[in-house]
Amino acid sequence: RHAIRSTTANPPSMVLGYAVAVATVSLLSTSIRVIGTGDLQLIERLGKYNRKLSPGLHFTIPIFERTSFVATVREQVLDVPPQAAITRDNAPLKADAVVYWKISDPIKARYAVEDLVSAIQNLVLTQLRSEIGKLTLDETFSARQKMNAVMLEDLDRATDDWGVKVTRVEVRDIIPSPDILAAMEGQMAAERRKRANILESEGRRASQVNDAQGAADAVVLEAEAEAKRLETVAEGEALSLKQLTEAAGGDVDKALQVLLLSRYWSTQAALAESPNTKVLFYPSKATVPVSVEGLR
């Protein structure tokens, strides 16, 4: 009797109704699509591309439709790991890069290439090795902007068929091998020593030039001072001669005699004051005959 009551309370049709209701709700929930800003989805119907879902609320047909591709239209960053490369002058090094890109055509990005990120990365690696192989080791450090511009143009053109827009390429690090680094450090040290020696020699030369110029200027100044002194002495003697001439009544010869005698006594006094060995000549008619005769 108990089994009969249980069957009556839960007939098979009611259980089946519950199951159908649950399945229907589950299918309806899977058919709802909410796309955020900057994102998109591609929908396939029975395995064939049907439409693109932009940001907003959308509904799909369960079982018959499925999401084929989920992507963002925002700019993305691809970090390319360091890769070995060889320069034009056969110098081994490692280089890495950063690529900024975004999806411009999601249909091409889904159906034109199998693995979009891997394809872009391998293309960047190939292009990076190719550009480094065109340059010498020294040029790789100075021509980085040129490398960035060339790679940007080539990558943007190559990825256009994949629905990708490459906006920027930056070669980040260029690292030579340890042997080359050691050689470069030795070269830079030698260059620094060379510059230091050149600066030191230029300093010595400038010092010598300054000393020579100073000595020359001193000689010139000394000569100018001596000339000025002689000029002053001459002007003084001319004034003395003029005054003596006026005192002698205009007789220039007598004035000269007096001036010569005065100069003679001055010379004798200087000799007498000198500590060196000297011979003094006392004035007489023999020693200053002209002066005596002139005064007489």
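Every chain is numbered independently, its residues counted from 1 as its sequence is written. At least 70 in pLDDT is required for a residue's local features to be given in this predicted model, at least 80 for side-chain atom pairs to be given and counted, and no such filter applies to totals for whole chains, interfaces and linings, which use all residues. For side-chain calculations, the full set of non-hydrogen atoms in the structure is used, while hydrogens and water are omitted.

**Q** Hey, could you run me through the side chain of Glu 131 in this one?
**A** In this fold, Glu 131 is placed in helix α4 (residues 116-133). By relative accessible area, Glu 131 is classed as buried at 7%. Here Glu 131 is in contact with Met 147, Val 150, Met 151 and Asp 154, once residues within four sequence places are set aside. We count a stretch as a helix when DSSP gives it H or I for four or more residues in a row; a strand needs E for two or more, and each element gets its number in order from the N terminus. Accessibility here uses a 1.4 Å probe with only protein chains present; expressed as a share of the type maximum, an area under 20% marks a residue as buried, one over 50% as exposed, and anything in between as partly exposed. Two residues qualify as a contact provided that any one of their heavy atoms is within 4.5 Å of a heavy atom in the partner residue.

**Q** What is the right way to read the pattern of salt bridges from this model?
**A** Opposite charge on two side chains makes pairing possible when the charged atoms of those side chains draw close. Salt-bridge detection follows one rule: a side-chain nitrogen of Lys or Arg within 4 Å of a carboxyl oxygen of Asp or Glu. For the structure shown, the criterion picks out 15 salt bridges. A salt bridge links Lys 165 to Asp 156, with the shortest nitrogen-to-oxygen separation between them at 3.0 Å. As a salt-bridge pair, Glu 226 and Arg 229 come within 2.5 Å of each other at their nearest N and O atoms. Of this pair, Glu 226 and Arg 229 both sit in helix α7 (residues 178-247), separated by 3 residues, roughly a single helical turn. According to the relative accessible area criterion, Glu 226 is partly exposed, its value standing at 36%.

**Q** Would you take a moment to explain the nonpolar core for this structure?
**A** Within soluble globular proteins, side chains that are nonpolar generally end up buried alongside one another. Here, the term nonpolar core denotes a set of buried Ala, Val, Leu, Ile, Met, Phe, Trp, Tyr and Cys residues that are joined through side-chain atoms within 4.5 Å. Val 99, Trp 101, Leu 116 and Ile 120 are the most contacted members of the largest nonpolar core, which totals 35 residues. Secondary-structure elements contributing two or more residues to this core are β2 (39-45), β5 (65-72), β6 (76-86), β7 (92-103), α4, α6 (144-158) and β8 (164-176). Tallying contributions element by element places α4 first for this core, with 7 residues. Contacts of Leu 116, omitting those with residues within four sequence positions, involve Trp 101, Ile 103, Ala 109, Trp 162 and Val 164.

**Q** Would you take a moment to explain the confidence of the model for the chain for this structure?
**A** Low-pLDDT stretches of the model should not have their predicted coordinates read in fine detail. For the chain, per-residue confidence averages 80 on the pLDDT scale, and 78% of positions sit at 70 or higher. The predictor attaches a confidence to each residue, called pLDDT, with possible values from 0 through 100. Taken together, the stretch residues 1-9 has pLDDT below 50 and engages in 1 contact with residues farther than four places along the chain or on a different chain.

**Q** Mind showing me how you'd approach the environment of Thr 67 here?
**A** Position of Thr 67 among the secondary structure elements: in strand β5. Its relative accessible area of 24% is what places Thr 67 among the partly exposed residues. Once you skip the residues sitting within four places of it in the chain, Thr 67 turns out to touch Arg 33, Gln 41, Leu 42 and Ile 43. In this structure the side chain of Thr 67 is engaged in a polar contact, spanning 3.1 Å, whose partner is the side chain of Arg 33. A distance of 3.3 Å separates the side chain of Thr 67 from the side chain of Gln 41, its partner in a polar contact. Here a polar contact means two N or O atoms within 3.5 Å. Within protein one must be a hydrogen donor candidate and the other an acceptor candidate, and residues neighboring in sequence count only if both atoms are side-chain atoms.

**Q** Teacher, can you tell me more about the sheet that holds β8 here?
**A** Strand pairing in a sheet relies on backbone hydrogen bonds, with the paired strands running either antiparallel or parallel. Spatial strand order, β6-β7-β8: 3 strands in an open sheet with antiparallel pairing. Every other strand in the sheet has two partners, leaving β6 and β8 as the edge strands with one partner each. In this sheet, neighbouring strand axes are inclined to one another by 20° on average, regardless of whether the strands run parallel or antiparallel. Any two strands are treated as partners once DSSP identifies two or more bridges connecting them. Two elements, β6 and β7, share 9 bridges in a ladder whose sense is antiparallel. Each residue of the ladder has a partner; that of Val 77, found in β7, is Tyr 100. Orientation is described by axes fitted as lines to C-alpha atoms, over the contacting stretch for helices, and by angles from 0 to 180 degrees between their N-to-C directions. Lying over the sheet, α4 contacts β6, β7 and β8, oriented at roughly 40° with respect to β6.

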